[in-house]
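Listed below, chain by chain, are the residues.
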Amino acid sequence: MTTRTFDPARGRWIPWVFVGMMLLVIAVNGVLITAAVESFTGTTTGRSYDKGRAYNHILAEAERQAALGWSARVALGAGKLAVAVTDREGHPVEGRLEGLLLRPLDGRTVALAFAAAGPGQWSAPALPPASGQWEARLTLRDAGGRHLDIRQRVIAP
């Protein structure tokens, strides 16, 4: 039978494994925190609690608009925003259209002055100051007082 003697130098590397693993965890967390902070756009929802409490009103408004049966097509191109609205049967919807273009990322807006381009069709000069994604926020009101809120993303060249 061989007798081994205790050698304290033999296990000195074991605590350094734990230290190395902790340093690895700290390094990975540092990379993830840096990526999260640098990619945050700063866009938040203001008054989110109040908006959450009013969610039933939002659902009721969505049901009201769905019951109208109106559908809108929005297109941005050649320096103008073109909008066409039809009812459930495909007939053009007459009315007054107003609205703006909103850049969701930074909140910039472009006012739109619509002119009728035919039955149920409107166009407005639109030259967004930056290329990329914009949101058309439009409201169509007919002669009977009914209205359709149009929210559609468009891409500016």
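Counting from 1, residues in each chain are numbered in the order their sequence is written. The predicted origin of the model limits local features to residues at a pLDDT of at least 70 and limits the giving and counting of side-chain atom pairs to 80 or more, whereas totals for whole chains, interfaces and linings rest on all residues. No hydrogens and no water enter the side-chain calculation; it runs on all heavy atoms of the structure.

Asks: Just to check I follow, could you spell out the pattern of salt bridges for this structure?
Replies: Close approach of charged atoms lets side chains of opposite charge pair. Each reported salt bridge corresponds to a side-chain nitrogen of Lys or Arg within 4 Å of a carboxyl oxygen of Asp or Glu. The tally for this structure, following the rule as stated, stands at seven salt bridges. For E61, the salt bridge is made with R64, and the minimal N-O distance between the two is 2.5 Å. Taken together, the positions of E61 and R64, both in helix α3 (residues 55–68) and three residues apart, correspond to about one turn of that helix. Exposure classes here rest on a 1.4 Å probe applied to the protein chains alone. A residue is buried below 20% of its type maximum, exposed above 50%, and partly exposed in between. Note on E61: relative accessible area 25%, which makes it partly exposed. By relative accessible area, R64 is classed as partly exposed at 28%. Between R137 and E135 there is a salt bridge, and its shortest N-O distance comes to 3.2 Å. On the basis of relative accessible area, E135 is assigned to the buried category, the value being 10%. Through salt bridges with shared partners, a single ionic network connects E135, R137 and R153. Only DSSP runs of H or I reaching four residues or more are called helices, and only runs of E reaching two or more are called strands; each is numbered from the N terminus.

Asks: How should I be thinking about the nonpolar core in this particular structure?
Replies: Residues enter a nonpolar core if they are buried and are Ala, Val, Leu, Ile, Met, Phe, Trp, Tyr or Cys, with the set joined through side-chain atoms within 4.5 Å. One finds L81, V83, V85, L101, F114 and L138 to be the most contacted residues of the largest nonpolar core, which totals 25 residues. Going through the elements one at a time, β1 (71–77), β2 (80–86), β3 (96–102), β4 (109–112), β6 (121–125), β7 (132–141) and β8 (147–156) are the ones with two or more residues in this core.

Asks: Any chance you could explain the sheet that holds β6 here in plain terms?
Replies: Within a sheet, neighbouring strands are paired by backbone hydrogen bonds and run either parallel or antiparallel to one another. The four strands lie next to each other as β1-β2-β6-β5, forming an open sheet whose pairing is antiparallel. Looking along the sheet, the strands with just one partner apiece sit at the ends: β1 and β5 (115–118). For this sheet, the mean angle separating the axes of adjacent strands, direction not counted, is 25°. We call two strands paired when DSSP finds no fewer than two bridges between them. In the sheet, β2 pairs with β6 via five bridges, with the strands oriented antiparallel. Looking at the pairing, V83 lines up with W122 of β6. Helix axes use the C-alpha atoms of the stretch in contact, all axes being lines fitted to C-alpha atoms, and the angles between their N-to-C directions lie in the range 0 to 180 degrees.

Asks: Is there a simple way to explain a nonpolar patch on the surface in this structure?
Replies: What makes a patch is a set of residues exposed beyond 30% relative accessible area and free of salt bridges, joined within 9 Å when like-charged and within 5 Å when nonpolar (Val, Leu, Ile, Met, Phe, Trp, Tyr). Surface accessibility in these figures is a Shrake-Rupley result with a 1.4 Å probe; residues are shielded only by whichever protein chains are displayed. Among the surface-exposed residues, W13, I14, V17, F18, M21, L24, V28 and L32 lie close enough to one another that they form a single nonpolar patch of about 830 Å² accessible area. Structurally, the position occupied by W13 is in helix α1 (residues 13–39). Overall, the relative accessible area of 54% leaves W13 in the exposed class.

Asks: Help me out: how do you make sense of the environment of K51 in this one?
Replies: Within the secondary structure layout, K51 lies in helix α2 (residues 48–53). Considering only alpha carbons, one finds K51 and R103, 52 residues apart in sequence, at a separation of 21 Å. Whether two residues touch is decided by their heavy atoms; if any such pair falls within 4.5 Å, the residues are in contact. If near-sequence neighbours (up to four positions away) are discounted, K51 is found in contact with T45, G46 and I58.

Asks: Got a minute to help me understand the sheet that holds β8 in this structure?
Replies: Overall, antiparallel pairing links the four strands, which are arranged β4-β3-β7-β8 in an open sheet. Sheet topology places β4 and β8 at the edges, where each strand pairs with a single neighbour. Within this sheet the neighbouring strands show an average axis-to-axis angle of 20°, counted without direction. Where β7 lies against β8, 10 bridges are found, and the strand directions are antiparallel. Its bridge partner being in β8, L140 is matched across the sheet by L148.

In short, the description is geometric, and any link to function would need to be established separately.
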